[in-house]
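# Close look at the chain arrangement
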Amino acid sequence: MFYIDEPWSSEGEGNLRVSVVGMGFVGLTLAVFLASRKIRTIGIETNRSTLDTLRRSQPPFYEKDLEPTLKKVLKSKMLELSDDISDIASTEVTFVCVGTPARADGSMDLAAVTNVAKSIAGMIAKDTERRLVVIKSTVVPTTTDNTIMPILESFSNKKCGKDFDLVVNPEFLREGSAMDDTRKPHLIVMGEAGNSSSKKLRNLYARVYGKQMAKVMITGASTAEMIKYANNSFLATKISFINSIANICKHVPGTDVEQVAEAIGHDPRIGPLFLKAGPGYGGSCFPKDVSALVAFCSKINVDSPLIKATQEVNMRQPYEVTRIVIDRFGGSLEGKKISILGLSFKKDTDDIREAVSLKIIPELLKRGARIRAHDPMATGRVKEIFGDDITYCDSVAGCLDGTDCCVILTEWDEYRKLKPGIFLEHMNTPIVIDARRVLNPQIFEASLEYHAIGRKSKASASR
Ligand code: UGA
C-alpha cells in the first residue's frame, strides 16, 4: 500500500471515452460528474423505465444539483444513455456501478455484477486497446480477485494485467450530498487486481479534479474492498454506540446524550461526526453493508461480535421510539391519532430504503393508532407501501391537526425551525416525541409534554 499525492499528468487522456454501467445513485452521479468535466461518457441502464426517465433529463430520485447538471450534459451530448451494454465497445474505461442488494440471509447478491462482468468480457475479447475496468459496486473482500477477474479472463480469453486492467475504486459519497462528495472526495482508493495498473484511472481523475485531486491510496483489490466495509461499519458502529449511550441516558435523570456526544466529540481521538443519537440508521448502504460483512465473516468462520452488536442495536433502536409512545398511552393506542413528521431515511432525500418510518408506522398501526404523515419529499414513495392505511399531509400544521401525539423521525431543517406554538395550536394533546433531537428541550419542556431519545423526560419523571 502506498499514497500518491503528486499531481498526475492528464496528457494523452484527452479523448478518453468512459462508460458507466448502472445508473443508480453512484453510477448516475459519477456519469453526470465526469460528463460535466468534459469527459465523453456513456451511461448504460437496462431498466427501461429508469432509462426513459433519464432521457427526459429527470433523475429517478431526488439529489441536490443533479437535475440541472444532468440536463446540461445530456444537451451538450457529453453524456449519452443506452440500454445496450455493447455500446461500451467505443470506450476505454468502464465503471461497474450496478447494485449488490442483500439476500434474505443478509449476504450480498452478486448476480448483477457477474452478469455485467460477462458482458464486459465479451467486449474485452474484441478490444484492440487495453481496457480498464473499474469496480465501484460494493463487493465483499476477495470478490474482485476470486470472482470478477476469473469471469473477465475466462469469458474474454485474455489476461488481467496484460490485456486489460481491473481496479477496485470504492465510493464514499453520501445521499443528499452526492454531487458535492463526488466533486470533493476525501480520499481516492485504488485497489489493483492481479498485475493491473491504476495509472489510467489516476490520469483520468487528474484530468477531472485538476488541482483539487484528493490523495490517492494504492492497495490490492481485496484491501480496497475491505476499506469500504470497514468505513461503513465503523460509521454504523459509532451510531449504534451513541444510541446505546442514549438508551442508558433515557433511564438516568439529569443526563442528556446530546451533551455527552458533544463533549466526547471534542476528543480528537473520537471526533464529532456520526454521534447523533436517533431512531437508528437506515438507507441503502449501512444496513446492507453491515449485514453483508456479518454474513461474509460467518462464511469464512470468523467471529465478529462487535459488528453483530452494531447490527443488533440498530435493529432494536426503532422500538425504543415506539416504546416511548406505547408507554405514554399505557399500552394501547386504540383510537389515538399520531402525527409522524419525516418519512425518508435522512433529510434532503426522497429515499425511504430501510427508513425507520417503515418499521415504526406498522408497529403503531398494529396497536390501533391512526397515522397522519408528513415529509417534504417522500410521501409519494411511502404511499406505494401503506396506501390508504395512513393519511398523507402536505403541511406540518395539517399533519398535526387533531392528533394526540407527534413523533419526529427525520431531521429535516423545516422541523428544526418549529416552535411550540404550532403543536399547541393544532394538536388535540400536545405530546411531542423527538426521535431525532431537532428541537430545543428547554424551550419545549417549558411549553408542552416533550420526550426525546437519550434524555429522561420531565413529563415521565413527574408521572
Ligand atoms: C453512507 C456513508 O456515509 C457514505 O460514506 C457511503 O458512501 C454510503 O453510505 C454508501 O455506502 O454508499 P448514506 O447512506 O447516504 O451514506 O447516508 P449517511 O449520511 O451515512 O446516513 C446513514 C444513516 O445513518 C441515516 O439513516 C442517518 O440518519 C443515520 N445517522 C447518521 C445517524 O443516525 N446518526 C448520525 O450521527 C449519522
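Each remark here, short or long, concerns the structure printed above.
Residues numbered from 1 in each chain as written. Predicted model: local features only at pLDDT ≥ 70, side-chain atom pairs only at ≥ 80, totals over all residues. Heavy atoms only, no water.

## Things to note about the overall build of the protein chain
- When helices and strands are tallied, the protein chain shows 18 helices and 15 strands.
- Its C-alpha atoms give the protein chain a radius of gyration of 24 Å, near enough to 23 Å, the size a compact globule of 463 residues would have.
- Taken along the three principal axes of its C-alpha coordinates, the protein chain extends 75 × 45 × 40 Å.
- Counting only residues that meet the buried cut, the protein chain has 55% of its 463 residues in that class.
- A separation threshold of at least 6 residues defines the contact pool for the protein chain, and within that pool the share at least 24 residues apart is 73%.
- Accessible surface, the protein chain: about 20,400 Å² in total, of which carbon and sulfur atoms supply 52%.
- Positive and negative charge centroids in the protein chain, built from 62 and 57 side chains respectively, lie 2 Å apart. (Helix = DSSP H or I, 4+ residues; strand = E, 2+ residues; numbered from the N terminus. Rg over C-alpha atoms; globule rule 2.2 N^0.38 Å. Buried < 20%, exposed > 50% of the residue type's maximum accessible area, 1.4 Å probe, protein only. Contact = heavy atoms within 4.5 Å. Areas by Shrake-Rupley, 256 points an atom, 1.4 Å probe, with all protein chains shown as cover. Lys, Arg positive; Asp, Glu negative; His and termini not counted. Charge placed at Lys NZ, Arg CZ, Asp CG, Glu CD.)

## Let's talk about the sheet that holds strand S15 (residues 449-452)
- Pairing within the open sheet is parallel, and its six strands lie in the order S12-S11-S10-S13-S14-S15. Strand pairing shows two members of the sheet lacking a second neighbour, strand S12 (391-393) and S15, which therefore form its edges. Pairs of neighbouring strands in the sheet enclose a mean axial angle of 20°, with direction left out of account.
- Across three bridges, strand S13 (residues 405-408) lies against strand S14 (residues 431-434) in parallel orientation. Within the sheet, the bridge partner assigned to valine 407 lies in S14 and is isoleucine 433.
- Packed onto the sheet, helix H13 (residues 379-386) meets strand S11 (370-374) and S12 and runs at close to 175° relative to S12. (Pairing = 2+ DSSP bridges. Axes fitted to C-alpha atoms, helices over the stretch in contact; angles between N-to-C directions.)

## With respect to the environment of valine 96
- With respect to the secondary-structure elements, valine 96 resides in strand S5 (residues 93-96).
- As for valine 96 and isoleucine 44, which are separated by 52 residues in sequence, their C-alpha atoms are 9.8 Å apart.
- Residues in contact with valine 96, not counting those within four places in the same chain, are Val21, Val116, Ile120, Val133, Val134, Ile135, Lys136 and Ser137.

## Description of the packing of aromatic side chains
- Inspection of the entire model under this criterion finds seven aromatic pairs.
- Measuring from ring centre to ring centre gives 5.7 Å for phenylalanine 423 and phenylalanine 444, while their planes differ by 80°; the resulting arrangement is edge-to-face. Of the two residues, phenylalanine 423 is situated in helix H16 (residues 420-426) and phenylalanine 444 in helix H17 (residues 441-447); the sequence distance between them amounts to 21 residues.
- Residue class for phenylalanine 423 comes out buried when judged on its relative accessible area of 0%.
- Residue phenylalanine 444 is classed as buried on the basis of its relative accessible area of 2%.
- Ring-pair connections join several aromatic residues into one group, and the members of that group are Phe33, Tyr205 and Tyr209.
- It is arginine 328 that lies over the ring of phenylalanine 329; its NZ or CZ is 5.5 Å from the centre. (Phe/Tyr/Trp six-rings, centres within 6.5 Å; stacked < 30°, edge-to-face > 60°. Lys NZ or Arg CZ within 6 Å of the ring centre and 35° of its normal.)

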